[in-house]
Amino acid sequence: MSQPQVVVHETPELLAAAVAARLVTTLVDAQAARGAASLVLTGGRTGIAVLEQLRDSPARDAVDWSRVDLFWGDERFLPAGHPDRNETQAREAFLDHVPVDPARVHAVAASDGRFGDDPDAAAAAYAEVLASVAGPGDHGGVPTFDVCLLGVGEEGHTASIFPDSPAVHEAERTVVAVRDCPKPPPTRVSLTLPAIRQSAEVWLLTTGTTKAGPVAMALGGADEVEIPAAGARGRRRTLWLLDRAAASRVPGASHPSA
């Protein structure tokens, strides 16, 4: 696994714009190398702000969006079209504005979908989706995602993997149902850390002073059981993309950089 690198931007707005630009470059390079690319999306304020910046960027059309496989790191187990679903927010912010191939948009089943109100069945089905997309050179029944975008919570969670929860201890499955989340909604479906670690690059995005503590702990060597974001690593690269406030307690990271 790669060692974390920290990139700091002055404000959340500059961070979102910079991540969008970095994403275009990375996906273009992946498509030039292999003809296609894969991206794991995240929800939350920062994740959606990145998609909005990407939508409005003239550079977005450098990517052939019809040849990008899109996944989600986690999903709130709610009815289809619910405004709190990460899929709904991503479609409104970005996916409805670019020519994606519907067959390449791999959403987690909704709570009113074909599995009904059964998050375990939805998680198992999503694991099957990942396995079906994985190629001969991939490992663990998961495709090697070019980029996995993740947020970081105030208690150090990432995706829907919370501190000392069953999900953070999961070592075998790639996708799990998550119940009794400390943040609403309580039921979710999430990639596990072993699945996330199959990504070529993991980018952890977060902003604000309330995130400064868990960011510093994760970068200071905290155990992933205590701070799950500490266990989110890419095979080739791990980037912590922060605003000045979130980086305020990280030694040597107090000065913004491009």
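Residues numbered from 1 in each chain as written. Predicted model: local features only at pLDDT ≥ 70, side-chain atom pairs only at ≥ 80, totals over all residues. Heavy atoms only, no water.

S.K.: Talk me through the packing of aromatic side chains; I want residue IDs and the actual numbers.
M.R.: Enumeration over the complete set of coordinates arrives at 2 aromatic pairs. Between W65 and F94, the aromatic rings sit 4.9 Å apart at their centres with planes inclined by 75°, giving edge-to-face as the arrangement. Of the two residues, W65 sits in the loop between helix 2 (44–56) and strand 3 (68–72) while F94 sits in the loop between helix 3 (86–93) and helix 4 (119–133), which places them 29 residues apart along the sequence. The pair formed by W65 and F94 is uniform in burial state, with each residue classed as buried. (Phe/Tyr/Trp six-rings, centres within 6.5 Å; stacked < 30°, edge-to-face > 60°. Helix = DSSP H or I, 4+ residues; strand = E, 2+ residues; numbered from the N terminus. Buried < 20%, exposed > 50% of the residue type's maximum accessible area, 1.4 Å probe, protein only.)

S.K.: Describe the side chain of E75, naming the residues involved and giving the relevant values.
M.R.: Position of E75 among the secondary structure elements: in strand 4 (residues 74–76). According to the relative accessible area criterion, E75 is buried, its value standing at 1%. Within the local environment of E75, its side chain forms a polar contact with the backbone nitrogen of N86, the two atoms lying 2.7 Å apart. Not counting the four nearest positions on each side in its chain, E75 is found in contact with R85, N86, E87, V108, R188 and V189. (Polar contact = N/O pair within 3.5 Å; in protein donor to acceptor, adjacent residues only side chain to side chain. Contact = heavy atoms within 4.5 Å.)

S.K.: Just give me the short version of the sheet that holds strand 4, but keep the residues and values in it.
M.R.: Whether parallel or antiparallel, the strands of a sheet pair through hydrogen bonds between backbone atoms. Reading across from one edge, 4-7-6 is the order of the 3 strands in this open sheet, with antiparallel pairing throughout. The two strands at the open ends of the sheet, each matched to only one other strand, are strand 4 and strand 6 (175–178). Strand-to-strand, the axes of this sheet are offset by a mean angle of 15°, without reference to chain direction. The pairing of strand 6 with strand 7 (residues 188–191) spans 4 bridges and is classified as antiparallel. Looking at the pairing, V178 lines up with R188 of strand 7. Where helix 4 meets the sheet, it contacts strand 6 and strand 7, and its direction lies at approximately 160° from that of strand 6. (Pairing = 2+ DSSP bridges. Axes fitted to C-alpha atoms, helices over the stretch in contact; angles between N-to-C directions.)

S.K.: Any chance you could break down the nonpolar core for me, citing the residues and the numbers?
M.R.: In this structure, L39, L41, W65, L95, L191, I196 and W203 are the most contacted members of the largest nonpolar core, which totals 78 residues. For this core, the element with the most residues is helix 1 (residues 12–34), which contributes 8 residues. Beyond its immediate stretch of four places on either side in the chain, W203 contacts V19, R22, L23, T26, V147, C148, L149, L150, L239 and L241. (Core = buried A, V, L, I, M, F, W, Y, C linked by side-chain atoms within 4.5 Å.)

S.K.: Describe the sheet that holds strand 8 (residues 201–206), listing the residues and the values that go with them.
M.R.: One open sheet accounts for 6 strands, arranged 1-9-8-5-2-3; its pairing is parallel. In this open sheet, the two edge strands, each paired with only one partner strand, are strand 1 (4–9) and strand 3. Neighbouring strand axes in the sheet, compared pairwise and without regard to direction, differ in orientation by 20° on average. Here strand 2 (residues 37–41) runs beside strand 5 (residues 147–151); their pairing, made up of 2 bridges, is parallel. Residue pairing in the sheet places V40 in a bridge with C148 of strand 5.

S.K.: Give a detailed account of the environment of L54, specifying residues and quantitative values.
M.R.: Tracing the backbone shows L54 in helix 2. Measuring from C-alpha to C-alpha, the distance between L54 and A16 comes to 8.7 Å, with 38 residues separating the pair along the chain. Non-local contacts of L54, meaning those with residues more than four positions away in its chain, are made with A20, L23, V24, R60, W65 and F94.

S.K.: An account of the pairing of strand 2 is needed here, citing residue identities and associated values.
M.R.: Counting buried positions along strand 2 gives 5 out of 5 residues, so the element sits mostly inside the fold. Residues A37, L39 and L41 of strand 2 are buried on one face, and the alternating residues S38 and V40, pointing to the opposite face, are buried as well. Here 5 bridges tie strand 2 to strand 3, and the two strands are oriented parallel to one another. Looking at the pairing, L39 lines up with L70 of strand 3. Since strand 2 and strand 3 lie parallel, the crossover through helix 2 that links them has a hand, and here it is right-handed. (Right-handed = clockwise from strand over helix to strand, strands pointing away.)

S.K.: So what about the pattern of salt bridges? Which residues, and what values?
M.R.: Between side chains of opposite charge, a pair can form as their charged atoms come close. For the structure shown, the criterion picks out 13 salt bridges. Here D64 and R67 are joined by a salt bridge, their closest N and O atoms 2.8 Å apart. Take R67: its relative accessible area is 30%, and that puts it in the partly exposed class. Here E87 makes a salt bridge to R85, at a shortest N to O gap of 2.8 Å. A single burial state applies to E87 and to R85, both of which are buried. Here the salt bridges do not stand alone but share partners, grouping E75, R85, E87 and R91 into one network. (Salt bridge = Lys/Arg side-chain N within 4 Å of Asp/Glu carboxyl O.)

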